[in-house]
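Listed below, chain by chain, are the residues.
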Amino acid sequence: MRKRFAALTSAGAGALLFILAAPAVAVPSADTIVTFSVTPGSLDITATAGPINIGSAAPAGSVTGQIGPVSVSDTRGGVTSAWTASVFATDFTVDDLTVPFAAVQYWSGPATATSGGGTFAPGQLTAGDAVALTGTKDTAVTAFSHAGGTGGSTATWNPSLIVNVPITAEVGAYSGTVTHQVA
């Protein structure tokens, strides 16, 4: 039995030498140049369209309520993913009656969801940190921000409003617009 194995091994080695000693045959080939483009991503913000009713209060009282989720999505990619979301409001009116935007305070609260690396920071973590809203995009207050990380990021929060009803306010269902923006 040993002789047979040795004979097979010798035959296998001879065949291997023949294969290795055979001249190389050129393999036909064809190259294809492939290109692609990286397009710019986007920085977007969404908020609950409403209308959202946060309750009622008598003159000189206050009413507090959440206004629905606000989300920022940064798909711009790149080395860093930094953005700041801010918020401002119109006056709140009914017919010719007005509760000014300055009577409304805002607090973002903590994030309800985030993705991506870096640091996510609420503008106002608690009700005690609430800030008065402004009336223009140029003086808007910070709602939420993100710094650091790479590539994209997302954050969602559910902000609250505190309306300090002026003593001079008259009965009515007041309506105004709270605008979130991101840059």
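Refer to the structure printed above.
Counting restarts for each chain, with residues numbered from 1 along the sequence as it is written. With pLDDT at 70 or above as the cut-off, local features in this predicted model cover only qualifying residues; side-chain atom pairs require 80 or more to be listed or tallied, and sums for whole chains, interfaces and linings still use all residues. For side-chain calculations, the full set of non-hydrogen atoms in the structure is used, while hydrogens and water are omitted.

(A) Fine view of the layout of surface pockets. By volume, the largest pocket amounts to about 950 Å³. Cavities and pockets are found on a 1 Å grid laid over the protein atoms alone: a cavity is a set of points where a 1.4 Å probe fits but cannot escape, a pocket is an open set with protein on both sides within 12 Å along at least five of seven lines, and a lining residue has an atom within 4 Å of such a point. For the largest pocket, the lining is made up of 35 residues, of which I52, I54, F92, Y174 and S175 are closest to its centre. At the level of elements, β13 (160-164) and β14 (178-182) are the ones that each hand at least two residues to the lining of the largest pocket. Secondary structure follows DSSP: runs of H or I at least 4 residues long count as helices, runs of E at least 2 residues long count as strands, and numbering of each begins at the N terminus. With three residues, the top contributor of residues to the lining of the largest pocket is β14. Here the lining of the largest pocket is composed, by residue class, of 22 nonpolar, twelve polar and one charged. Grid points are joined across faces, edges and corners, and a volume is the space filled by probe spheres set on the points. In this classification, the charged set is Asp, Glu, Lys and Arg, the nonpolar set is Ala, Val, Leu, Ile, Met, Phe, Trp, Tyr, Cys and Pro, and all remaining amino acids, among them Gly, are polar.

(B) Geometry of the sheet that holds strand β10 (residues 131-132). Across the sheet, which stays open at both edges, the four strands sit in the order β2-β13-β7-β10 with antiparallel pairing between neighbours. Two strands close off the open sheet at either side, each with one partner strand: β2 (62-66) and β10. In this sheet, β13 lies alongside β2 in antiparallel orientation, the contact comprising five bridges. Bridging across to β13, Q66 finds its partner in S160. Two strands form a pair only when DSSP identifies at least two bridges running between them.

(C) Inspection of the sheet that holds strand β3 (residues 70-74) at higher detail. Pairing in this open sheet of four strands is antiparallel, and the strands run β1-β3-β12-β8 from one edge to the other. Each end of this open sheet is capped by a strand with a single partner; those strands are β1 (43-47) and β8 (111-115). If you compare each strand with its neighbour and ignore which way they point, the axes differ by 10° on average. In this sheet, strand β12 (residues 153-157) lies alongside β3 in antiparallel orientation, the contact comprising five bridges. For S71, the partnering residue across the bridge sits in β12 and is T156. The axes used here are C-alpha line fits, helices contributing only the stretch in contact, and every angle between their N-to-C directions lies in the interval 0 to 180 degrees.

Functional significance is not addressed by these values, which are geometric in nature.
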